[in-house]
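Residue-level structure breakdown
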Amino acid sequence: MKNKISQLISLLLVCFAAACGAAAQTADFVFRPGRVAVGTVYHYVKTNVDGTQPENISLYIAGENRIESLKYHAKGERAGLVIAEMDWAAFLPKRLESWQVLSQSEKRLFATLTFNPAEKAVEVSIPAMRPKPEMAPIGRLPFHLYNFDLASLNVSFPHLADPKGSFTVGIADPTFKQDGPMFAYRGELRVAFERDETHGGVKCRRYSAAGPGIGNGKGTIWVNKKLGHIEDMEFDVANNPDWKTFKLKLRRIEKMSGEAWQRFIAAQF
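Residues numbered from 1 in each chain as written. Predicted model: local features only at pLDDT ≥ 70, side-chain atom pairs only at ≥ 80, totals over all residues. Heavy atoms only, no water.

A closer look at the nonpolar core
To be explicit about the condition: Grouping buried Ala, Val, Leu, Ile, Met, Phe, Trp, Tyr and Cys residues that are joined through side-chain atoms within 4.5 Å yields what is termed a nonpolar core. Burial classification: accessible surface area is computed with a 1.4 Å probe over protein chains only, and a residue below 20% of its type maximum counts as buried, one above 50% as exposed, and the rest as partly exposed. Residue contacts are counted whenever heavy atoms from the two residues lie within 4.5 Å of one another.
Ranked by size, the top nonpolar core spans 54 residues in total, and within it Ile67, Val122, Phe143, Phe157, Ile221 and Phe235 carry the most contacts. With sequence-adjacent residues up to four places away left out, phenylalanine 157 is seen in contact with Phe167, Val191, Tyr207, Ile221, Val223, Gly228 and Ile230.

This is the structure we're talking about:
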């Protein structure tokens, strides 16, 4: 009888420890619905740090739990649209869809990513590359995609419990390889407040970012002090094989309805 009680207590302690660990991973953020800027579009330009190889990225806050990112170049070229559903309890993207936008009226689903909290893994499906979905374990929560331009982290910044503190997230990304896993957990990224400063004429909080999640590279993130979105960030590690480094600079902000956003996408062709 004593052995059974001892086993039960041990099991309860393990469960309690696991629950505390999960809570600790999200304690850095506190969800505030009023800080989700629904109907706002953030127009960025992505380049190397030296300004070369520009690509337009427009991030649309489509709903309280939904963000959409359009990547496009010159008018008429194929674009990419990523739609993400946020989990504000865990502060991570729980589902992503990657679409190839081919024209004003045609788009094709290229890949999906779904987070499975029970498995602490994501299921990745890219039919054009592999006939079956794959599971990729995630080493730390919350996690974000560096290749998604840290968009889910971008919309999480306004919910920081302590904007002048530090926090750590996991980074997972496509591998960009024909062989082996299609998607993999890369490691942790530690983000730490450095100082308040005016950057590009905007009052910002400046953060350092570094860790194995970006190949032990380093970066700097400037976050709008009042509204919480990313104004600028620079990293010495690229988030796509077509670039050498990574810079994302905000150009302008505007409000759009869902219909206006769809017209904006169509207008790029």
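Still more to cover.
A closer look at the packing of aromatic side chains
Put simply, the rule is: When the centres of two rings from Phe, Tyr and Trp lie within 6.5 Å, Trp using its six-membered ring, the rings pair. Their planes under 30 degrees apart give stacked, over 60 give edge-to-face, and anything left gives tilted. Only runs of H or I of at least four residues qualify as helices and only runs of E of at least two qualify as strands under DSSP, and these elements are numbered from the N terminus.
Applying the stated rule across the entire model yields 14 aromatic pairs. Ring plane angle 25 degrees and centroid distance 5.2 Å describe the contact between phenylalanine 29 and phenylalanine 91, whose orientation is recorded as stacked. Placement of phenylalanine 29 in the loop between helix H1 (2-26) and strand S1 (40-47) and of phenylalanine 91 in the loop between strand S4 (79-87) and strand S5 (92-101) is noted, with a sequence separation of 62 residues between them. Owing to a relative accessible area of 2%, phenylalanine 91 belongs among the buried residues under this scheme. Taking 5.4 Å as the distance between ring centres and 50 degrees as the angle between the ring planes, the aromatic pair formed by phenylalanine 157 and tyrosine 207 counts as tilted. With phenylalanine 157 in the loop between helix H2 (151-154) and strand S10 (166-174) and tyrosine 207 in strand S12 (residues 202-211), this residue pair connects regions lying 50 residues apart in the sequence. According to the relative accessible area criterion, phenylalanine 157 is buried, its value standing at 4%.

Details of helix H3 (residues 258-266)
Among all positions of H3, only Ala260, Trp261, Phe264, Ile265 and Ala266 are buried. Summarising the contacts, the buried residues of H3 are in contact with S1, strand S2 (55-63), strand S3 (66-72), S4 and S5.

Considerations on the pairing of S1
Let me state the cut-off plainly: Whether two strands pair depends on DSSP finding at least two bridges between them.
Counting buried positions over the eight residues of S1 gives eight, a clear majority of the element. Of the two faces of S1, the one carrying Thr40, Tyr42, Tyr44 and Lys46 and the one carrying Val41, His43, Val45 and Thr47 are both buried. With six bridges joining them, S1 and S2 adopt antiparallel strand pairing. Bridged to tyrosine 44 within S2 is isoleucine 57.

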